[in-house]
Amino acid sequence: MKGEVELRGLVKSFRGPSGPVRAVRGIDVSIAAGETVALLGPNGAGKSTTIDMMLGLTRPDSGSVSLFGRPPREAVDAGAVGAMLQTGALIRDLSVRELITMVAALYRHPMDVEEVISLAGLTEAAPRRTQKLSGGQTQRVRFAVALVSDPDLLLLDEPTVAMDVEGRRDFWAAMRAYAARGKTVIFATHYLEEADANADRAVLMAHGRIVADGPTTEIKAQVGSRTIRATLPEVELGELSSLPGVSAVDRHGDAVILRCTDSDAAIRALLEAQPSLRDIEIAGAGLEEAFLELTGDEDPDAEEAGAPGQR
Amino acid sequence: MSGWIYTRYELLRAFRARRFFIFSLGFPIVLYFVIASPSRNVRDFDGLGVSFPLYYMVSLASFGTMMAMISSGARISGERQAGWTRQLRITPLSVRAYFRAKVLTSYAMAITSLLLLYVAGISLGVSMPAHAWLTMTGLILVGLLPFAALGIVLGHLMTVESIGPITGGTVSLLAIVSGTWFPVKGGFLHDVGQWLPSYWLVQAGRAVVTGHTWGARGWIVVAAWTVVLVALAGVAYRRDTGRV
């Protein structure tokens, strides 16, 4: 089935200081109308470059983007696409309401300005000048600017950067309200909780490729790993990593954390080898663990692909 | 028309940017009084048959308007750094409507600057027949066309850090070569100057007050620079899609 958003064989390289940077290395995604999809990955995974190509801001070296059966530029001109780009401040010397009115005037069939203001939670901030807003308010204005054309596809590139906890909660509530109108939403994030809580589907990217694509629950199951956490002071980590079923070990103070491919085998061996073990917890992998497992493996030429995993 | 609302808010923004506005309009006025006030009673400057205040009112008019036009580059550069230019690109705003807003905003600034200088000149005793004022103003406005485009070119090529020195340096250099500050009566500077649009901007005022006209060369130089710089502005804008 052909989706409303079709990415086919997308490849993009940039010139870097030490040779070409292969930002995106072959991406195929098909997204249906009404889906909310998280584009998940560490910094340097190629998320923003992919979004730029979807918007027609960056021309792919090869491959194609189709939005509602049209090239990006046409879809943008028709007002079918709204986006919150990653870098973004606002222009100064206009009030929030004036700025949104100005952008609305660029479209043939914009949403009502007051409706956008209330949808983005800007009723109080509407008369204020854009340079006097808090970081969270600025993000909400940028959200309003993305919404103003009443787009069928909303692209959000790390939208909650600079927002506090409460701001984030409100923002995602507003996003879900918009998605509930039957709109397609694609957002990039490296906050795993955000993807888990707000997306139907997660597309995991690492080193410019897609490493997993599916419902967030399915991705967790796909990895199937568990962690054992227990108090165990004064033991060499090397002793633990050689135990059966253990794939990685880590220490936080007196606690050890074992990532396991087979937690049953691991816990039996662990109890036998370390009788002093106490405070044992065994937990299923969250998206966080799934994420590390799927994206953490070193890429052969990863050095030039930016610095993955800065957060 | 959607583009016109965009233009209207761009104008509003330009006039609300108080510090920028006061400095770029106030600077030529202050400079004018500093230069012209002490010699306000010199009726025949350098044997040109023109009073000192009139001569320098024309000088500052070309300098101030040139500055006002090119300063749109600083605003564009700031918008690019804020990521706003990329945001505009994912709207249906056409290149034409974008350029129109930028050019009209620059002209609004330049005309304000010009009128303030006229008032300053009149306050130092400058007087001319009405048709002379009008001809001079008309020629200056035409002569500013290349600079409207130059502002856009620089704005899309330079960073916020480099745009100040670049525009300041460009305007200062053009002003000297084009005889803004002192009469260039011949020689190398004069030969070079005649091929620059800024020379004809200065001549727009001089032509009226000294009786010499723009002539064919003036129109051709201004038109040629306009065509070249508008084309460059188009290229600079189209290429400028990356993150800054």
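Remember, predicted model here, so these are calculated numbers, not experimental data. (Residues numbered from 1 in each chain as written. Chains lettered and ligands numbered in written order. Predicted model: local features only at pLDDT ≥ 70, side-chain atom pairs only at ≥ 80, totals over all residues.)

What follows deals with the overall build of chain A. Helices and strands together make up the secondary structure of chain A, namely eleven helices and 13 strands. Across its three principal directions, the C-alpha atoms of chain A cover 70 × 45 × 40 Å. Expressed as a percentage of contacts within chain A between residues at least 6 apart in sequence, the contacts between residues at least 24 apart total 69%. (Helix = DSSP H or I, 4+ residues; strand = E, 2+ residues; numbered from the N terminus. Contact = placed C-beta atoms within 7 Å.)

Across its full length, chain B holds twelve helices and zero strands. Counting from the amino terminus, chain B carries its helices and strands in the arrangement α-α-α-α-α-α-α-α-α-α-α-α. The C-alpha atoms of chain B give a radius of gyration of 18 Å, which matches the 18 Å a tight globule of 244 residues would have. The C-alpha extent of chain B, read off along each of the three principal axes, is 60 × 35 × 35 Å. In chain B, which comprises 244 residues, the share counted as buried stands at 46%. Sequence-distant contacts in chain B: of pairs separated by 6 or more residues, those separated by 24 or more amount to 80%. (Rg over C-alpha atoms; globule rule 2.2 N^0.38 Å. Buried ≥ 20, exposed ≤ 12 C-beta atoms within 10 Å, placed from the backbone.)

Attention shifts here to the domain arrangement of chain A. Many authors give the size of an interface as the accessible area that is lost as the parts come together. Residue and element names in this part refer to chain A. Assigned domains within chain A: domain 1 (5-216) and domain 2 (224-295). Relative to domain 2, the C-alpha centre of domain 1 lies at a distance of 38 Å. Between domain 1 and domain 2, the contact holds eleven residues from the first and five residues from the second. Within the residue set of the side of domain 1 that touches domain 2, elements represented by two or more residues are α7 (192-198), β8 (201-206) and β9 (209-215). With three residues, α7 is the largest single contributor of residues to the side of domain 1 that touches domain 2. Grouping the amino acids of the side of domain 1 that touches domain 2 by side-chain chemistry returns eight nonpolar, two polar and one charged. (Domains from an automatic or database assignment. Nonpolar A, V, L, I, M, F, W, Y, C, P; charged D, E, K, R; others polar.)

Looking now at the interface of chain B and chain A. Contact with chain B, which involves 20 residues of that partner, is made by 24 residues of chain A. Of the residues forming the side of chain B that touches chain A, the biggest block, six residues, is contributed by helix α1 (residues 2-16) of chain B. Here the residues of the side of chain B that touches chain A are counted per class, giving nine nonpolar, five polar and six charged.

The next subject is unusual backbone geometry. Residues and elements named next belong to chain A. Phi is positive for His207, which is not a glycine, with a value near 50°. Relative to the helices and strands, His207 resides in the loop between β8 and β9. Of the residues examined, His207 has 24 C-beta atoms within 10 Å and is grouped as buried.

Okay, the nonpolar core next. Grouped together as the largest cluster of nonpolar side chains are 80 residues, with contacts concentrated most on Leu40(A), Ile100(A), Ala144(A) and Leu155(A). Leaving out residues up to four positions away in the same chain, Leu155(A) has contacts with Ile51(A), Met54(A), Leu55(A), Val81(A), Ala83(A) and Ile186(A). Counting 60 residues, the second-largest nonpolar core is a separate cluster that includes Met109(B), Leu145(B), Leu150(B) and Val221(B). (Core = buried A, V, L, I, M, F, W, Y, C linked by C-beta atoms within 7 Å.)

All names here are of chain A. The three strands are arranged β2-β1-β4 in an open sheet whose pairing can be described as antiparallel. Two strands bound the open sheet, and with one partner strand each, they are β2 (19-31) and β4 (62-67). If you compare each strand with its neighbour and ignore which way they point, the axes differ by 25° on average. As defined by bridge partners, strand β1 (residues 5-16) adjoins β2 across ten bridges and the pair is classed as antiparallel. Counted as the bridge partner of Leu7 is Val29 from β2. (Pairing = 2+ DSSP bridges. Axes fitted to C-alpha atoms, helices over the stretch in contact; angles between N-to-C directions.)

All names here are of chain A. Reading across the sheet, the six strands line up as β5-β6-β7-β3-β8-β9 and stay open at both edges, with mixed pairing between neighbours. Two strands bound the open sheet, and with one partner strand each, they are β5 (81-84) and β9. Direction aside, the axes of adjacent strands within the sheet are offset by 15° on average. Where β5 lies against strand β6 (residues 153-157), four bridges are found, and the strand directions are parallel.

Turning our attention to helix α4 (residues 72-81) of chain B. All names here are of chain B. Counting buried residues along α4, eight of its ten residues qualify, which places the element largely inside the surrounding structure. For α4, the complete set of buried residues consists of Ser72, Gly73, Ala74, Arg75, Ile76, Ser77, Glu79 and Arg80. The inward-facing, buried residues of α4 abut α3 (52-70), α5 (84-89), α6 (95-123), α8 (145-157) and α9 (160-177). In the segment just after α4, Gly83 is the residue with positive phi, at about 85°.

This next bit is on the pairing of strand β11 (residues 246-252) of chain A. Residue and element names in this part refer to chain A. Sheet topology note: the β11/strand β12 (residues 255-260) ladder contains six bridges and is antiparallel. In the strand pairing of β12, Ala248 is matched with Arg259. The hairpin formed by β11 and β12 contains two residues between the paired strands, and Gly253 there has a positive phi angle of roughly 65°.

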